Amino acid sequence: MPSNRSSAANAALIVLLVFAQLLPAITARAANASDYIGLTDKYNDCVKRLNSQKNVLKPNLEYVRSALAKFDDRYTKLTKRAANLREAAARAQGRLNNNELDVCTVTFRGREISISDAYSIANDAEKKAQLCATYKNEAVTDERVLSDRMKEIDRLASELAEWKKENDDAVTDAMMIAIEQITGRFAAHLSKESASLKRLKEAVERREKSLKNALKADDAKACAVVRMKLDAALEKYTVAWTKANTGFALKKAEPVNVWKLFQSEASLITREQAEVDDEVRAVLNDPAYGRYVQEESTAKKELLDLFSQKGAETAFGAMKGTAKLVPAVGIAMLLRDTAYTAIKWSNSLDQVMMRVDLTDKSFQATKSLVTLVGKRKPKWNSVLED
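Residues numbered from 1 in each chain as written. Predicted model: local features only at pLDDT ≥ 70, side-chain atom pairs only at ≥ 80, totals over all residues. Heavy atoms only, no water.

Colleague: Can you help me understand the packing of aromatic side chains in this one?
Modeller: Each aromatic ring pair is characterised by the separation of its centres together with the angle its planes make. Across all of its chains, the model carries 4 aromatic pairs by this definition. Each ring, one from Tyr63 and one from Trp380, has its centre 6.0 Å from the other, and the planes form 10°; the classification is stacked. Here Tyr63, found in helix 2 (residues 35–97), pairs with Trp380, found in helix 10 (residues 343–384); they are 317 residues apart in sequence, far enough to count as distant. Take Tyr63: its relative accessible area is 17%, and that puts it in the buried class. Considering the side-chain rings of Trp259 and Phe262, the 6.4 Å spacing of their centres and the 55° angle between planes classify their relative orientation as tilted. (Phe/Tyr/Trp six-rings, centres within 6.5 Å; stacked < 30°, edge-to-face > 60°. Helix = DSSP H or I, 4+ residues; strand = E, 2+ residues; numbered from the N terminus. Buried < 20%, exposed > 50% of the residue type's maximum accessible area, 1.4 Å probe, protein only.)

Colleague: Could you clarify how one ought to interpret the packing of helix 3 (residues 115–213) against helix 9 (residues 327–335) in this entry?
Modeller: Any two packed helices are characterised by the angle at which their axes cross and by the distance between the axes. Two elements in contact, helix 3 and helix 9, have axes whose closest approach is 9 Å; the angle formed by their N-to-C orientations is 60°. Comparing the axis directions of helix 3 and helix 9 gives the class oblique. Handedness of the helix 3/helix 9 crossing: left-handed. Across the interface between the two elements, Val171, Ala174, Met175, Ala178, Ile179 and Ile182 from helix 3 touch Ile331, Leu334 and Leu335 from helix 9. By residue class, the composition of the contact of helix 3 with helix 9 is 9 nonpolar, no polar and no charged. (Axes fitted to C-alpha atoms, helices over the stretch in contact; angles between N-to-C directions. Parallel < 35°, antiparallel > 145°, perpendicular 65-115°, else oblique. Left-handed = near helix turned anticlockwise from the far one by under 90°. Contact = heavy atoms within 4.5 Å. Nonpolar A, V, L, I, M, F, W, Y, C, P; charged D, E, K, R; others polar.)

Colleague: Hey, could you run me through the pattern of salt bridges in this one?
Modeller: Pairing between side chains of opposite charge can happen when their charged atoms approach one another. Tallied over the entire structure, the rule returns 22 salt bridges. Across the pair Arg109 and Asp386 runs a salt bridge, and its minimum N-O distance is 3.1 Å. Here the residue Arg109 occupies a position in the loop between strand 1 (106–108) and strand 2 (111–113), and Asp386 occupies one in the segment after helix 10, the gap between them amounting to 277 residues. With respect to class, Arg109 is no different from Asp386; both count as exposed. Across the salt bridge formed by Asp124 and Lys128, the nearest N and O atoms sit 3.9 Å from each other. One end of the pair is Asp124 and the other is Lys128, both in helix 3 and 4 residues apart, which spans about a single turn. A single salt-bridge network, built from bridges that share partners, covers Arg74, Arg81, Arg109 and Asp386. (Salt bridge = Lys/Arg side-chain N within 4 Å of Asp/Glu carboxyl O.)

The quantities given are spatial measurements derived from coordinates; they are silent on function.
Here it is in structure tokens:
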């Protein structure tokens, strides 16, 4: 039978093991919405670094490939030139030996050269031809290394784009939820305004009808003007409510585009609501109003109270002061009250960042090759050009 002390020790050990397993989950924080800004900056930095590497590699790879495509043709031309010159020089020397001519030259590129010059040019052509074969082998190796590095950069860029899209989808989903919540609050506020305004309009309609029945045409006409203004305002509230109740009918898209559309619609509807509120307030504060509606003073007070709450500004609080902000900041502000988590994206990006760091380190070696290609260009050009 184990002792009580041994059992307690075992139990403590089990607790420690379980805690050690749970510790990463306990300490892992739920990513803040502001992480979207940091992650976007990281992504942009990665893309910038990869593009910088490509910009260095691409012209060198293009030069190596261009030279590689010319070496064989150049080798053939130089070999043929050397053979033709040697053959022409041998014929000329034979004619001199046979005493056919006292002076005999070789024609080369439209000019007459001596037999010794012909042999000298032929020797130079043969040497260049051999160098073409040597330089081609260098170019084959250089092309492979440079090409592999470009493929690696493209692969990393593709991974980055894939994870960025995955995160953008998560961000957009969270944004759509946030927008629905915000516009829902605004729709609820508009419903209250519309309900109070509708009661006022109905009261004015009743008053208009009673004035007509009393054959008070002028008063009935003035009352109708008030009623029509309220009716027009109610229609505008209905349009605004419809927009808000559908979340502006925004379609899922890239986060920045969703943000810009939301910002534009929210700014427009805020301005429109402020305008219609002012129109209704003007009617309510018109001294003539009291002559036609007295029994609905409660609805009037409700409306004025609702106007003071600035429904659109309150609902779209996330928009306040964001007009001049970069989209990433506005998006982060919009996400702050949602369940958006950047943990998955952050972990994925960290993995890619590790690879990009490795690429940066290996690129130092590649830069040595780029330097070497720069040094090779003069000697390669010396055999590729006449």
